[in-house]
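# Working through the structure, step by step
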Amino acid sequence: QNVIETKGIRYAEGDFTLELAQEVRKILVETYGITSLLTRESKTISIGGYTDGELDQGHISLRGEYARGSNLFLSLHTNANLEGANGAPADSQPIEITKPIIIANVNACDSMPALAVGNAVGSRLAEVNAQMGIALPGKFKTVSSRKEMVPWTDAFNDVLENPGTICYRTGQDGDYYGVLRGAADVGVPGMIIEHGFHTVPKMRELAVQGELAVQWAQA
């Protein structure tokens with residue numbers, strides 16, 4: 001997992017996103033009566049007889065396949081950028097880079113309900129990020145169909161001026177990301193949600209302070 005330690009603040013993406021997922025699950029069931037399952041409850045993950053590195057290095061699609069029978073698969077992340085992006089160190093990016101990016105699998109790209117969820121989540125995250133001072137206002141562009149979606153690239157990811165949006169990324173076997181491919185293989189719309197950039201120092205500070213997970217989960 002991505003770990004950054006600066007000025008006594010240690011941020012680990014895997015630890016933070018587990019906290020975030022647990023908050024999301026709590027809100028879904030208590031507020032909306034929606035049941036959700038997590039692929040892990042601790043730092044360790046085991047699915048289909050494979051654990052941690054063995055799972056992610058050769059069988060990561062099992063994470064997506066875990067959603068079999070569900071209505072939606074979500075993979076929660078915080079984003080990063082290439083070293084030297086925008087003329088700054090990789091872990092010291094300006095808040096202007098922050099934008100919610102949602103990467104949809106092939107099923108979600110063709111699902112109006114899934115796109116509606118992605119648009120709502122992205123728009124609300126953009127509002128929250130601006131309110132918390134880790135992004136500029138208006139950093140998400142909604143889409144209404146696959147035709148309006150753009151492919152995810154490093155260039156799109158790292159440019160300061162780009163708003164976030166719902167993207168797609170394909171590979172030789174369909175969806176580029178194994179978790180999204182796994183969800184698609186069991187017929188479930190899936191999305192990776194990049195909530196914000198952990199390469200922005202203030203984002204890491206808010207995450208460690210504990211406030212950010214609650215705000216993002218509500219969004």
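Since the model is a prediction, treat every value here as computed from it, not as a measurement. (Residues numbered from 1 in each chain as written. Predicted model: local features only at pLDDT ≥ 70, side-chain atom pairs only at ≥ 80, totals over all residues. Heavy atoms only, no water.)

In terms of regular secondary structure, the chain is built from nine helices and eleven strands. The C-alpha atoms of the chain give 17 Å as radius of gyration, which agrees with the globular expectation for 219 residues (17 Å, within 12%). In terms of principal-axis extent, the alpha carbons of the chain reach across some 40 × 40 × 40 Å. Surface summary for the chain: the accessible area is close to 10,700 Å², and the carbon and sulfur share equals 50%. Computed over 18 positive and 26 negative side-chain charges, the inter-centroid distance for the chain is 3 Å. (Helix = DSSP H or I, 4+ residues; strand = E, 2+ residues; numbered from the N terminus. Rg over C-alpha atoms; globule rule 2.2 N^0.38 Å. Areas by Shrake-Rupley, 256 points an atom, 1.4 Å probe, with all protein chains shown as cover. Lys, Arg positive; Asp, Glu negative; His and termini not counted. Charge placed at Lys NZ, Arg CZ, Asp CG, Glu CD.)

For histidine 198, the position within the fold is in the loop between β11 (190–197) and α8 (201–209). By relative accessible area, which is 3% here, histidine 198 ends up buried. In this view, histidine 198 contacts Asn2, Ile4, Tyr11, Glu13, Thr78, Asn79, Ala80, Met203 and Arg204; residues no more than four positions away in its chain are not counted. (Buried < 20%, exposed > 50% of the residue type's maximum accessible area, 1.4 Å probe, protein only. Contact = heavy atoms within 4.5 Å.)

Ile166, Met203, Leu212 and Trp216 are the most contacted members of the largest nonpolar core, which totals 34 residues. Breaking this core down by element, the ones donating at least two residues are α1 (13–32), β6 (101–104), α4 (106–109), α5 (112–131), β11, α8 and α9 (211–218). When residues in this core are grouped by element, the largest group, six residues, is from α5. In contact with tryptophan 216, not counting residues within four places along its chain, are Phe16, Leu20, Thr78, Leu125, Val128, Asn129, Ile134, His195, Gly196 and Met203. In terms of nonpolar packing, the next biggest core, distinct from the first, is built from 13 residues, Phe156, Cys167, Leu180 and Ala183 among them. (Core = buried A, V, L, I, M, F, W, Y, C linked by side-chain atoms within 4.5 Å.)

The subject of this paragraph is helix α7 (residues 178–185). Counting buried residues in α7 gives six out of eight residues, a clear majority hidden from the surface. Among the residues making up α7, those that are buried are Gly178, Val179, Leu180, Gly182, Ala183 and Ala184. Structurally, α7 contributes buried residues whose contacts are with α3 (61–65), β5 (73–79), β6, α4, β10 (174–175) and β11. Immediately downstream of α7, the backbone of glycine 187 shows phi near 75°, a positive value.

An order of β5-β11-β6-β8-β7 is seen for the five strands of this open sheet, with the pairing classed as mixed. This sheet does not close on itself; its edge strands, each paired only once, are β5 and β7 (150–151). Across two bridges, β6 lies against strand β8 (residues 166–168) in parallel orientation. Within the sheet, the bridge partner assigned to isoleucine 102 lies in β8 and is isoleucine 166. (Pairing = 2+ DSSP bridges.)

Now for the pairing of β5. Within β5, five of the seven residues are buried, which leaves the element mostly enclosed by the surrounding structure. Alignment of β5 against β11, held across six bridges, turns out to be parallel. Among the inter-strand pairings, serine 75 is bridged to a residue of β11, identified as isoleucine 192.

What follows covers unusual backbone geometry. Phi angles above zero are rare outside glycine, and aspartate 52 is one such case at about 50°. Mapped onto the elements of the fold, aspartate 52 is located in helix α2 (residues 52–58).

Further remarks concern the environment of serine 123. Along the chain, serine 123 falls in helix α5. When the C-alpha atoms of serine 123 and tryptophan 216 are compared, they prove to be 12 Å apart, with 93 residues separating the residues in sequence. If sequence neighbours within four positions are ignored, serine 123 has contacts with Phe140 and Thr142. Within polar-contact distance, the side chain of serine 123 engages the backbone oxygen of asparagine 119 at 2.8 Å. (Polar contact = N/O pair within 3.5 Å; in protein donor to acceptor, adjacent residues only side chain to side chain.)

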